[in-house]
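Observations on the model geometry
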Amino acid sequence: MKRRTALFSLAALGLATFSGLAAAQAPIVIKFSHVVAADTPKGKASEFFKKRAEELTKGKVKVEVFANSALYKDKEELEALQLGAVQMLAPSLAKFGPLGVKEFEAFDLPYIFDDYTELHRITQGPVGAGILKKLEPKGIVGLAFWDNGFKSFSANTPIRTPADLKGKKLRIQSSKVLEEEIRAVGGLPQVMAFSEVYQALQTGVVDGTENPHSNMYTQKMHEVQKHLTVTDHGYLGYAVIANKKFWDGLPADVRGQLEQAMKESTAYANKIAQEENDKSLEAIKKSGKTQVYVPTKDEKLAFKKALVPVHQKMEGRIGKELIQSIYKETGFDPAKL
C-alpha cells in the first residue's frame, strides 16, 4: 500500500514537473489589436512586427494581430489595453486627448507639418519622446510613432475653397482640435467610430470626411464619395503602445528583442506609408467613382489661412510651449502665411 502511495506521489510529482516545464516553455502571447484593414500601412506594419518579434525571440513570443476592429472598436480599445485584455495597440494620435493626455492633439493641428521630414523631427526626436512619456501615469508605455499619412477632404460636392465645406457634416475622430478645424471652415463636425464611416457616408448621415488616401481606399469610402481634394491639411499617425504592467514584467532579454523588432517595424511602417497612400490615390483615380482634385498653390494657401488660426485657439488645451517647440523644430511660422 505504501509502495503504491509512493509511486502515485512520484507520478504526481512528475506530472507537476512536466506541467511546469510545459508552462515555462509556453510562448508569451501578445494580442495586438487595431481598427484598420490589414492592407493599410498600419496593418502591414503590425504584421511585420509580428514576424520580427517571433523571429528575434526565437518563438518565446507569439504575436496575434487582430485587424479591422475584429476585437475592439475605436472607443473600446484603450480601455481594453488598460485592463490587460490586449497587450498592444496602435491607436491614432487623436485618441489620447479624450484619455487626458492632451499633448497628443498637437499632431491634429492643421498644417503644422508640411512634409514627412518636418514631421519626423518631432516623432523621432526629443519632443515626441517627451509626449510618449506622458502616457505612463495612465498605465501605458509608448513604444513608437508610426506614420499613416496626410489627410484630404472628401464630399459629394466639389471642394475648391474652404467655403465649399460650409454646412457640410464631416466625420472626424474624437478630438477637440479636429472639431475646431471643421468649424474653422464652416463645417459641422461629427465624431464617429472609424468602422461606421462607410455606412454613414452611404446613407447620408454624414456628407464627407477627412482621411489619408490609404484609409479611404481600403475602407471603400471612395465608392460613396464623389469628390476628393488633395488638401494634405492634417496628419494622421499612430502611437504604438503597450500595457505598462505587461511590458515592465517581460524578461529583460525578451523586452530588448521586442524593442529591436519595434525599431525595425517603425522604419518599415514609415517607409511604406507614403508609398501606400500614393498607390491608393492612383487606385481611387482609376476607379472612376471619385473625382480627384489637386488644388493650385493659391487654393492651398487659402485652406492654410483658414485653418492655421486653430493653432492659437488650441494653445490653452495643448500648451503654448509645446506648440512653440514644434514650430522651433520644423521652422514653421504662422505669421508668414
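Please read these numbers as outputs of a predicted model, since none were measured by experiment. (Residues numbered from 1 in each chain as written. Predicted model: local features only at pLDDT ≥ 70, side-chain atom pairs only at ≥ 80, totals over all residues. Heavy atoms only, no water.)

Okay, helix α2 (residues 41-56) next. Taking 1.5 Å as the rise per residue, α2 with 16 residues should run 22 Å; its terminal C-alpha atoms sit 22 Å apart, in good agreement. Taken as a whole, α2 has its buried residues at Pro-41, Lys-42, Gly-43, Ala-45, Ser-46, Phe-49, Arg-52 and Ala-53. Two residues or fewer past α2, Lys-58 is found with a positive phi of approximately 55°. (Helix = DSSP H or I, 4+ residues; strand = E, 2+ residues; numbered from the N terminus. Expected span 1.5 Å × (residues − 1). Buried < 20%, exposed > 50% of the residue type's maximum accessible area, 1.4 Å probe, protein only.)

For the structure on display, the rule yields 12 aromatic pairs. Between Phe-48 and Tyr-268, the ring centres sit 4.4 Å apart and the planes meet at 10°, which makes this aromatic pair stacked. One end of the pair, Phe-48, is in helix α2; the other, Tyr-268, is in helix α11 (residues 252-287), and 220 residues separate them in sequence. When its relative accessible area of 23% is taken as the criterion, Phe-48 is described as partly exposed. An aromatic cluster is built from Phe-96, Phe-104, Phe-107, Phe-113, Tyr-116, Phe-145, Phe-150 and Tyr-235, whose rings are joined through pairwise contacts. When the ring centre of Tyr-238 is taken as reference, the NZ or CZ atom of Lys-42 above it lies at 3.8 Å. Against the face of Tyr-293 rests Arg-160, its NZ or CZ located 3.7 Å from the ring centre. (Phe/Tyr/Trp six-rings, centres within 6.5 Å; stacked < 30°, edge-to-face > 60°. Lys NZ or Arg CZ within 6 Å of the ring centre and 35° of its normal.)

Quick look at the confidence of the model for the chain now. Here the chain averages 92 in pLDDT, and 93% of its residues register 70 or above. Predicted confidence is poor over residues 1-23, with pLDDT under 50, and the contacts of this stretch with residues over four places away or in other chains come to zero contacts. (pLDDT = per-residue confidence, 0-100. Contact = heavy atoms within 4.5 Å.)

Let's shift gears to α11. With 36 residues, α11 ought to run about 52 Å at 1.5 Å a step, and its terminal C-alpha atoms sit 50 Å apart, in line with that. Along α11, the sharpest change in direction is near 30° and occurs at Ile-272. Once α11 ends, the next one or two residues include Gly-288, with phi positive near 75°. (Bend = angle between axes of the 7 residues up to and from the residue.)

Turning to the nonpolar core, a few remarks are in order. Of all hydrophobic cores here, the largest spans 50 residues; its most connected members are Phe-96, Phe-104, Phe-107, Phe-113, Leu-135 and Ile-241. Sorting elements by how many residues they give to this core places strand β4 (residues 140-155) first, with five residues. Counting 38 residues, the second-largest nonpolar core is a separate cluster that includes Val-36, Phe-49, Val-141 and Ala-200. (Core = buried A, V, L, I, M, F, W, Y, C linked by side-chain atoms within 4.5 Å.)

This part is about unusual backbone geometry. A negative phi angle characterises most non-glycine residues, just as the trans form characterises most peptide bonds. Its identity as a non-glycine residue notwithstanding, Asn-68 has a phi of 60°, on the positive side. With respect to the element layout, Asn-68 can be found in the loop between β2 (61-66) and α3 (74-83). Taking the relative accessible area as the measure of exposure, Asn-68 reaches 44% and is therefore partly exposed. Positive phi, close to 60°, is recorded for Tyr-111, a residue that is not glycine. Relative to the assigned elements, Tyr-111 resides in the loop between α4 (96-99) and α5 (116-123).

Close contact between α2 and α11 brings their axes to 8 Å; oriented N to C, the two are set at 155°. Considering their axes alone, α2 and α11 lie roughly antiparallel with respect to each other. In terms of crossing hand, the pair formed by α2 and α11 is right-handed. Contacts from Pro-41, Lys-44, Ala-45, Phe-48, Phe-49, Arg-52, Ala-53 and Leu-56 of α2 reach α11 at Gln-257, Leu-258, Gln-260, Ala-261, Met-262, Glu-264, Ser-265, Tyr-268, Ala-269, Ile-272, Ala-273 and Glu-276. Taken together, the residues of the contact of α2 with α11 break down into 13 nonpolar, three polar and four charged. (Axes fitted to C-alpha atoms, helices over the stretch in contact; angles between N-to-C directions. Parallel < 35°, antiparallel > 145°, perpendicular 65-115°, else oblique. Left-handed = near helix turned anticlockwise from the far one by under 90°. Nonpolar A, V, L, I, M, F, W, Y, C, P; charged D, E, K, R; others polar.)

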